[in-house]
Amino acid sequence: DLEPNSTTNALSLAKSIAPLLGTPPETISENVNFYNNTSLTDTYLFSQNVDGFEVYQGSLDFIAKATGGDVIIINNQLKPVTPFNRQVEMKSGEAQVIVAQQLNSKPENLRLIKGPVIYAETGRPSQLAWIFHFSRRVFDAEKSEIAASAVTGEILHQQRLTVND
């Protein structure tokens, strides 16, 4: 159970269950994002960090009853981080040019969002990456988020941010 609005209690719970989820407790961020969604539920969001780097799309979330604090949903999106090179081999601008070439587009159609972050995926070695938002035209409603290797510029992951009817 979580005390209502208790981020300290939520952090303690997150760190205590992390090993059960296959992740060392120290990878759970000390910063808790707390949202009081409705009068019925509270949400606690934790990012995953390793050696000072954020893990791309790595998170652990709890949804708890606003009264009583019973945890009703645990969303485990923690990533399996393998040993990785902590040196940035390629600057974001260099990666941006290479990503644009892979997309048959122009570098100005990519906007750096964050990085370097750790890109970790089961079955692949972890590595540092730059995160870009991409649209083919300046006012294009269709946008994608792209994780690009900070070593080679290779597109590691791409997902659409918009849904068309």
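In the block above lies the structure referred to throughout.
Residues numbered from 1 in each chain as written. Predicted model: local features only at pLDDT ≥ 70, side-chain atom pairs only at ≥ 80, totals over all residues. Heavy atoms only, no water.

Chemist: How should I be thinking about the overall build of the protein chain in this particular structure?
Modeler: In terms of helices and strands, the protein chain carries 2 helices and 8 strands. Along the protein chain, helices and strands appear, N-terminal first, in the series α-β-β-β-β-α-β-β-β-β. A principal-axis box enclosing the C-alpha atoms of the protein chain has dimensions of 55 × 40 × 25 Å. When each of the 165 residues of the protein chain is scored for burial, the buried share is 39%. Here the analysis covers contacts within the protein chain between residues at least 6 apart in sequence; of these, 44% occur between residues at least 24 apart. (Helix = DSSP H or I, 4+ residues; strand = E, 2+ residues; numbered from the N terminus. Buried < 20%, exposed > 50% of the residue type's maximum accessible area, 1.4 Å probe, protein only. Contact = heavy atoms within 4.5 Å.)

Chemist: How should the packing of aromatic side chains be read in this particular structure?
Modeler: Remark: the centre distance and the inter-plane angle together describe each pair of aromatic rings, the angle taken between the planes. All chains considered together, the criterion is met by 4 aromatic pairs. Residues Phe34 and Tyr44 carry aromatic rings whose centres are separated by 5.1 Å and whose planes lie at 50° to one another, so their mutual orientation is tilted. Here Tyr44 lies in strand 2 (residues 41–50) and Phe34 lies in strand 1 (residues 28–36), a separation of 10 residues in the sequence. We classify Phe34 as partly exposed; its relative accessible area is 27%. Look at Phe46 and Phe62: their rings are 5.7 Å apart centre to centre, the planes differ by 70°, and that puts the pair in the edge-to-face class. Here Phe46, found in strand 2, pairs with Phe62, found in strand 3 (residues 53–65); they are 16 residues apart in sequence, far enough to count as distant. Across the ring face of Phe84, the terminal group of Arg86 is positioned such that the distance to the ring centre comes to 4.3 Å. (Phe/Tyr/Trp six-rings, centres within 6.5 Å; stacked < 30°, edge-to-face > 60°. Lys NZ or Arg CZ within 6 Å of the ring centre and 35° of its normal.)

Chemist: Before we go on, may I ask you to explain helix 1 (residues 7–17) in this structure?
Modeler: Side chains three or four residues apart in an α-helix point the same way, a direct result of the helix having 3.6 residues per turn. Restricting attention to buried positions, one finds in helix 1 the residues Ala10, Leu11, Ala14 and Ile17. Looking down the long axis of helix 1, one finds its buried residues gathered within 140° of arc, a one-sided arrangement. In this fold, the buried residues of helix 1 make contact with strand 1, strand 2, strand 3 and strand 4 (71–76). (Arc of directions from axis to C-beta.)

Chemist: Explanation requested: the side chain of Ser126 in the structure shown.
Modeler: Structurally, Ser126 can be placed in strand 6 (residues 124–134). Relative accessible area serves as the criterion here: at 5%, Ser126 is assigned to the buried category. Once you skip the residues sitting within four places of it in the chain, Ser126 turns out to touch Pro80, Val81, Thr82, Pro83, Phe84, Ile118, Tyr119 and Ala120.

Chemist: Would you mind showing me how to read the environment of Pro107 here?
Modeler: Relative to the assigned elements, Pro107 resides in the loop between helix 2 (92–102) and strand 5 (110–121). For Pro107, a relative accessible area of 28% corresponds to the partly exposed category. In the structure, Pro107 is positioned 11 residues away from Gln96 in sequence and 5.8 Å away in space, judged by C-alpha atoms. The residues touching Pro107, leaving out its near neighbours within four places in the chain, are Gln96, Val97 and Ala100.

Chemist: Where do I start with the side chain of Thr27 in this structure?
Modeler: By the secondary structure assignment, Thr27 is in the loop between helix 1 and strand 1. You can call Thr27 buried: its relative accessible area is 7%. Every residue in contact with Thr27, bar those within four places of it in the chain, is listed here: Ser47, Gln48, Asn49 and Val50.

Chemist: Would you mind showing me how to read the nonpolar core here?
Modeler: Among the nonpolar cores identified, the biggest contains 19 residues, and Leu110 and Ile118 are the most heavily contacted of them. Secondary-structure elements contributing two or more residues to this core are strand 3, helix 2, strand 5, strand 6 and strand 7 (144–149). At 4 residues, the largest contribution of residues to this core is made by strand 6. Within the second largest apolar cluster, 13 residues are counted, among which are Leu11, Val32, Tyr44 and Leu78. (Core = buried A, V, L, I, M, F, W, Y, C linked by side-chain atoms within 4.5 Å.)

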